[in-house]
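Observations on the model geometry
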Amino acid sequence: MPSVKLKHPSPDTISSSSSDSVRLLSRETLRISASLASPPDDLPPPSLSPPDSQFLHSTLRLICCEEIDGRRWKYVAESDGSGRFKRNSVRAISLESPQTPFDEVGSFLRSYVVPEGFPGSVNESYVPYMTFRALKHFFGGAMGVFTTQTLLNSVGASRNSSASAAVAINWILKDGAGRVGKMLFARQGKKFDYDLKQLRFAGDLLMELGAGVELATAAVPHLFLPLACAANVVKNVAAVTSTSTRTPIYKAFAKGENIGDVTAKGECVGNIADLMGTGFSILISKRNPSLVTTFGLLSCGYLLSSYQEVRSVVLHTLNRARFTVAVESFLKTGRVPSLQEGNIQEKIFTFPWVEDRPVMLGARFKDAFQDPSTYLAVKPFFDKERYMVTYSPTKGKVYALLKNQANSDDILKAAFHAHVLLHFMNPSKVVTRKSVEQSDPAFAPMEYEIESRIAESCEMVSTSYGTFKSRAAEQGWRMSESLLNPGRARLCHMNEEVE
């Protein structure tokens, strides 16, 4: 970096008050850039106060900038008198004005009624279609009240009796609660695409739970309404899951433009089996079997069939579970599993909303780095990449942070790199929380240990990532359509951080 005099500017540059302001802004920009480019031991002496009110305290230094859905944060850290960073001194400063209550309500509603990335994620016909669909369901819901009352009257309830009205209201409340549950679960959004096997099986578990709650109404009939509402909420959530995952599964079976035919035939098979099951239930119910025993046996058969159903689906895309299987196999054996092997080995008993995973893709800066010195030490390894990875010994997780230019291949490479680093951080190398809480002399070797492992992982990724992609493509995996579901946080480019 060329030598820049920060304390003794030439007198020729001081010609007016406006030039003084420009010189002050330029000086502070150069100071921040020099601070980021130099190690902590060579920090420049504090210069004049920067114009940014967030940096009026001379010990605060800018670390990086982060963006999530258009909203930005700056991360700053505090240095001590010797020029070193204080540990756990990273703090986030929002660059956006706080959202008004109206904006927060609007964002909350949009998360339920429009797809993620709207309007760019759908074509222009989506809005008129959903408008008329909403009107259709409005009239259908209103009509359902009168049809329910008519059905109750037809089985002997008097039109004018208060009992008939109470029963009708209770029934409508039960159905209404189910619709609310269906609406709330729709917020899962893209998880229906990314983790459809896991959600499909979770939905079947909820279906059996709802059936069990319905049976419980026989033991406590005075709690019929709350139990029936709860059961209907659970079963409608299961229905949303089944409906949302049905099309991607049928799409995996279709080899041409016959998705409609495959779907129709699949639903026909399901209806025939449902009718046969109904007939079987009527036959055995005449013998008055034990309700609990019968329900338990049928539920076991239902869940076992559901588990085998989702395991039998062979998907060509890589979500997090299948990607983990593929990378672990590649690192251990040098080969990528076939489509059948990868899908069979995919874990079904993991729920997408559980965030306790060893690899966090698209993580936020504050989750990945608590010590600013660690970030500055790791950052040079990834100057030419559109991502960076690190390991947190206190949490035992690898964090992959994405930069704002990252495309789908960069996300795939970041995930691969994160698994490689996790592979290097084997149990003999992982540092426990106890060692982290020790004094700095004991902590320093651990930092160098992580840095050396990151350096090794970078070397391995540079030579093996292309091989992994080619071998995965040979096995039939669609590398261009990965469904890794990264977080939305993105690190801003360096030239954007100091604007």
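Residues numbered from 1 in each chain as written. Predicted model: local features only at pLDDT ≥ 70, side-chain atom pairs only at ≥ 80, totals over all residues. Heavy atoms only, no water.

Taken in spatial order, the three strands of this open sheet run 4-6-5, and their pairing is mixed. Only two strands of the sheet have a single partner each, and these edge strands are strand 4 (359-361) and strand 5 (387-392). Each neighbouring strand pair of the sheet contributes to a mean axis angle of 15 degrees, computed without reference to strand direction. Strands strand 4, strand 5 and strand 6 (397-402) of the sheet are contacted by helix 14 (residues 408-424), whose axis makes an angle of about 25 degrees with strand 5. (Pairing = 2+ DSSP bridges. Helix = DSSP H or I, 4+ residues; strand = E, 2+ residues; numbered from the N terminus. Axes fitted to C-alpha atoms, helices over the stretch in contact; angles between N-to-C directions. Contact = heavy atoms within 4.5 Å.)

Among the structural elements, Asp204 can be located in helix 6 (residues 196-216). In this structure Asp204 is buried but unpaired, with Arg200 as the nearest side chain of opposite charge at 4.8 Å. Among the polar contacts made by the side chain of Asp204, one reaches the side chain of Ser306 at a distance of 2.3 Å. Here Asp204 is in contact with Tyr302, Leu303, Ser306 and Glu309, once residues within four sequence places are set aside. (Buried < 20%, exposed > 50% of the residue type's maximum accessible area, 1.4 Å probe, protein only. Lys, Arg positive; Asp, Glu negative; His and termini not counted. Salt bridge = Lys/Arg side-chain N within 4 Å of Asp/Glu carboxyl O. Polar contact = N/O pair within 3.5 Å; in protein donor to acceptor, adjacent residues only side chain to side chain.)

The next thing to look at is the pattern of salt bridges. One pass over the full model with this rule turns up 15 salt bridges. Taking the shortest distance from any N to any O, the salt bridge between Arg72 and Glu67 comes out at 3.4 Å. Ionic pairing is found between Asp383 and Lys379, a salt bridge with its closest N-O pair at 3.4 Å. Judged by its relative accessible area of 48%, Asp383 falls in the partly exposed class. The partly exposed category is assigned to Lys379, whose relative accessible area is 23%. When salt bridges with common partners are traced through the structure, they connect Lys197, Arg322 and Glu346 into a single cluster.

Take the environment of Glu385 next. Within the secondary structure layout, Glu385 lies in the loop between helix 13 (372-378) and strand 5. A relative accessible area of 24% places Glu385 in the partly exposed class. Sequence separation of Glu385 and Leu402 is 17 residues, and the distance between their C-alpha atoms is 9.4 Å. Side-chain polar atoms of Glu385 contact the side chain of Lys413, separated by 3.1 Å.

What follows covers the layout of surface pockets. Taken as a whole, the second largest pocket encloses approximately 1600 Å³ of empty space. Every residue lining the second largest pocket is counted, 42 residues in all, and those nearest its centre are Glu208, Gly270, Ala273, Asp274 and Tyr302. Every element with two or more residues in the lining of the second largest pocket is listed here: helix 6, helix 7 (224-253), helix 8 (259-285) and helix 9 (291-311). The element that contributes the greatest number of residues to the lining of the second largest pocket is helix 8, accounting for 13 residues. Among the residues forming the lining of the second largest pocket, the class breakdown is 18 nonpolar, 15 polar and nine charged. (1 Å grid on protein atoms, 1.4 Å probe; cavity = no way out; pocket = protein on both sides within 12 Å on 5 of 7 lines; lining within 4 Å. Points joined across faces, edges and corners; volume = space filled by probe spheres on them. Nonpolar A, V, L, I, M, F, W, Y, C, P; charged D, E, K, R; others polar.)

Residues other than glycine seldom take positive phi values, yet Asn288 does so here, at roughly 50 degrees. Here Asn288 shows up in the loop between helix 8 and helix 9. Asn288 sits in the exposed class, given a relative accessible area of 68%. Look at Asn485: it is not a glycine, yet its phi comes out positive at around 50 degrees.

Before going further, it helps to spend a moment on the confidence of the model for the protein. Summing up the model confidence of the protein, the mean pLDDT is 76 and the portion of residues at 70 or higher is 70%. Considering only residues more than four positions removed or in separate chains, one finds that residues 1-57, a stretch of pLDDT under 50, has 54 contacts. (pLDDT = per-residue confidence, 0-100.)

Relative orientation of the contacting elements helix 10 (residues 320-333) and helix 14 amounts to 55 degrees, with a least axis distance of 10 Å. When the axes of helix 10 and helix 14 are compared, the pair comes out oblique. Between helix 10 and helix 14 the crossing geometry is right-handed. Taking contact as the criterion, the partners of Phe323, Thr324, Val327, Phe330 and Leu331 in helix 10 are, on helix 14, Leu412, Ala415, Phe416, His419, Val420 and His423. Here the contact of helix 10 with helix 14 is built from residues that sort into eight nonpolar, three polar and no charged. (Parallel < 35°, antiparallel > 145°, perpendicular 65-115°, else oblique. Left-handed = near helix turned anticlockwise from the far one by under 90°.)

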